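Examination of the molecular architecture
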Amino acid sequence: MTPSTVPRTARGGIDLGGTKIEAVVVDARNNVLGSARRPTPTTGKPSGIATQMAEAMTDAAKTAGLEPSALLGVGVGSPGVIDPATGAVSSARNLPGWENRYELGSVLAETLGTTVAVGNDVQVATDAEFKLGAGKPYKSILGVFWGTGVGGGLVLGGKAWVGRGGAGEIGHVVVEIDGAKCLCGRRGCMEAYAGRAAMEARARRRAEKGSRTELFTLMKEHNRTRLTSAIWAHALERRDKLAVKIIDEAVTALGAGIGSALNLLDVEAVIIGGGLGIRLGEPFAKRIAAEMLPHVFNDNPPPDVRVAALGDLGGAVGAALLVKSVRRRAATPAGAPRE
Ligand SMILES: [Zn+2]
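A short note on the overall build of the chain
On a plain count of helices and strands, the chain comes out with 11 helices and 12 strands. Here the C-alpha coordinates of the chain stretch approximately 60 × 45 × 40 Å along the principal axes. Buried residues in the chain amount to 50% of all 339 residues. Looking at the chain as shown, the accessible area adds up to about 16,300 Å², and 52% of this sits on carbon and sulfur atoms. Within the chain, one finds 41 positive and 33 negative side-chain charges whose respective centroids are separated by 1 Å.

So this is what it looks like as structure tokens:
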């Protein structure tokens, strides 16, 4: 490849997660040319997170032999409420100090020297699986991203469905009336049982009450400050009783929540992604499918359950897909219906 062909078509993608920031540079066919990763700051303000994002993007561009300003554009998948027109983000609850509106898109565009488009992290990852990954054979899919929280994304009849902007919040489907308190403030949400943050809080409470567990010893041994997906996986390998119990409860909740969502939507496939979903992989996708089945009304045959195929980089690759769609949207006359 000659140097002049790379910069014109290369796009950047950043996945802003609760635990890590993942950045990639892809070519016109979405092949990854370079990538970089940073931990998401756990304290401070949105501006500090934006700085880490810009640095991750710059590093990814360097590994692809480019300056960030040479990219056609950069797409960002972010949690929270997104204003797609300006790239502003508010109410990103899993991130420190990010309740109010912050002009993430403009700040990154200024720092990186290229256009920046911001979309919802989970929808971006679902679109990526639909176009490039495990969702390719289907017309309608439900993406379930099992990580710090539990996010969901929808593609129905080939089109992303975002509702009024808040569709796909499968983590807040109720799996138990008056159940466990969720970080969103409501009760009985699926995420209150299956989100990694909730699972960690639950593990701490039970450990303090005397349940024996190696979870927190493993966390220290691996120099982590949180129970990451890898720590949960290690604890399961060692058959740590508390870890096994909490994961069992999570899988049961996922089965009930996903089964209920399927009764409403009857999509062809469920794609399981997210940090825990990918780390635990196929055996757990099978377990989730088995837990889901008793709840599924249209079960002959039941929808397929697949593990996300794009892996850890899926969110960032999906974010890079935003670069095109925003250009198309920018060409839509004001007042015209959204795509
Ligand atoms: Zn909730």
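With respect to the nonpolar core
Burial of nonpolar side chains together is a common tendency in soluble globular proteins. Counting 48 residues, the largest nonpolar core has Val144, Trp146, Leu215, Trp232, Leu254 and Ile258 as the members making the most contacts within it. With sequence-adjacent residues up to four places away left out, tryptophan 146 is seen in contact with Ala194, Met199, Ala250, Val251, Leu254, Gly273, Gly274, Gly275, Leu276, Gly277, Leu280 and Ile288. Residues Ala23, Ala50, Trp98 and Leu108 belong to the second largest nonpolar core, which totals 31 residues.

Focus on the coordination of the zinc ion
Looking at the zinc ion, one finds its protein donor set to be His172 (ND1), Cys182 (SG), Cys184 (SG) and Cys189 (SG), positioned 2.0 to 2.4 Å from the metal centre. Angles of 103 to 113° at the metal separate the 4 donor atoms of the zinc ion, which places the site in the tetrahedral class. Spacing between the donor residues of the zinc ion along the chain follows H-x9-C-x1-C-x4-C. With histidine 172 in the loop between β10 (159–160) and α5 (191–194) and cysteine 182 in the loop between β10 and α5, the pair connects residues that are 10 residues apart, well separated along the chain. On the basis of relative accessible area, histidine 172 is assigned to the partly exposed category, the value being 26%.

Quick word on the packing of helix α6 (residues 196–208) against helix α9 (residues 241–265)
At a minimum axis separation of 11 Å, α6 and α9 run at an interaxial angle of 140°. Considered as vectors, α6 and α9 are oriented oblique to each other. For the pair α6 and α9, the sense of crossing is right-handed. Of α9, the residues touching α6 (which contributes Met199, Arg202, Ala203, Arg206 and Ala207) are Leu242, Lys245, Ile246, Ile247, Glu249 and Ala250. Looking at the contact of α6 with α9 residue by residue, the classes come out as 7 nonpolar, no polar and 4 charged.

Overview of the side chain of serine 140
Mapped onto the elements of the fold, serine 140 is located in the loop between α4 (121–132) and β8 (141–146). On the basis of relative accessible area, serine 140 is assigned to the buried category, the value being 14%. Excluding its chain neighbours within four sequence positions, the residues that come into contact with serine 140 are Val155, Leu156, Gly157, Val267, Glu268 and Ala269.

Structural notes on the sheet that holds strand β9 (residues 150–156)
Working definition: the strands of a sheet are paired by backbone hydrogen bonds and lie parallel or antiparallel to each other. Judged by pairing direction, the sheet is mixed, and its 5 strands sit side by side in the order β10-β9-β8-β11-β12 without closing on themselves. The sheet is open, and its two borders are formed by β10 and β12 (304–307), each paired with just one other strand. As paired elements, β8 and β9 share 6 bridges and run antiparallel to each other. Bridged to glycine 143 within β9 is glycine 153.

Some details on the pairing of strand β2 (residues 20–26)
Most of β2 is tucked away, with 6 of its 7 residues classed as buried. Bridge analysis of strand β1 (residues 11–16) against β2 gives 6 bridges, and the strand direction is antiparallel. When the sheet's bridge partners are listed, leucine 16 is paired in β2 with isoleucine 21. In terms of strand pairing, β2 meets strand β3 (residues 32–39) through 7 bridges, oriented antiparallel. Residue pairing across strands places isoleucine 21 opposite arginine 38, the latter belonging to β3. Connecting β2 to the next strand, β3, in antiparallel fashion are 5 residues, including asparagine 30 with a positive phi near 65°.

Let's talk about the packing of aromatic side chains
Each aromatic ring pair is characterised by the separation of its centres together with the angle its planes make. Under the definition given, this model contains 1 aromatic pair. Look at tryptophan 98 and tyrosine 102: their rings are 5.5 Å apart centre to centre, the planes differ by 85°, and that puts the pair in the edge-to-face class.

A closer look at the pairing of β1
For β1, the buried fraction is high: 6 of the 6 residues fall into the buried class. Residues Arg11, Gly13 and Asp15 line one face of β1 and the alternating positions Gly12, Ile14 and Leu16 line the opposite face, and both faces are buried. Adjacent in sequence and paired antiparallel, β1 and β2 are bridged by 3 residues. Pairing of β1 with strand β4 (residues 74–78), which is carried by 4 bridges, proceeds in the parallel orientation. The residue bridging isoleucine 14 from the neighbouring strand is valine 76, located in β4.

Thoughts on the environment of cysteine 182
Judged by its relative accessible area of 5%, cysteine 182 falls in the buried class. Distance in space between the C-alpha atoms of cysteine 182 and glycine 195 is 9.3 Å, their sequence separation being 13 residues. Excluding anything up to four places from it in sequence, cysteine 182 contacts His172, Cys189, Glu191 and Ala192.

Scoring rules and cut-offs
- Residues numbered from 1 in each chain as written.
- Predicted model: local features only at pLDDT ≥ 70, side-chain atom pairs only at ≥ 80, totals over all residues.
- Heavy atoms only, no water.
- Helix = DSSP H or I, 4+ residues; strand = E, 2+ residues; numbered from the N terminus.
- Buried < 20%, exposed > 50% of the residue type's maximum accessible area, 1.4 Å probe, protein only.
- Areas by Shrake-Rupley, 256 points an atom, 1.4 Å probe, with all protein chains shown as cover.
- Lys, Arg positive; Asp, Glu negative; His and termini not counted.
- Charge placed at Lys NZ, Arg CZ, Asp CG, Glu CD.
- Core = buried A, V, L, I, M, F, W, Y, C linked by side-chain atoms within 4.5 Å.
- Contact = heavy atoms within 4.5 Å.
- Donors = N, O, S within 2.8 Å, 3.2 Å for Na, K, Ca; no water.
- Tetrahedral: all angles 85-135°; square planar, octahedral: opposite > 155°, others 65-115°.
- Axes fitted to C-alpha atoms, helices over the stretch in contact; angles between N-to-C directions.
- Parallel < 35°, antiparallel > 145°, perpendicular 65-115°, else oblique.
- Left-handed = near helix turned anticlockwise from the far one by under 90°.
- Nonpolar A, V, L, I, M, F, W, Y, C, P; charged D, E, K, R; others polar.
- Pairing = 2+ DSSP bridges.
- Phe/Tyr/Trp six-rings, centres within 6.5 Å; stacked < 30°, edge-to-face > 60°.

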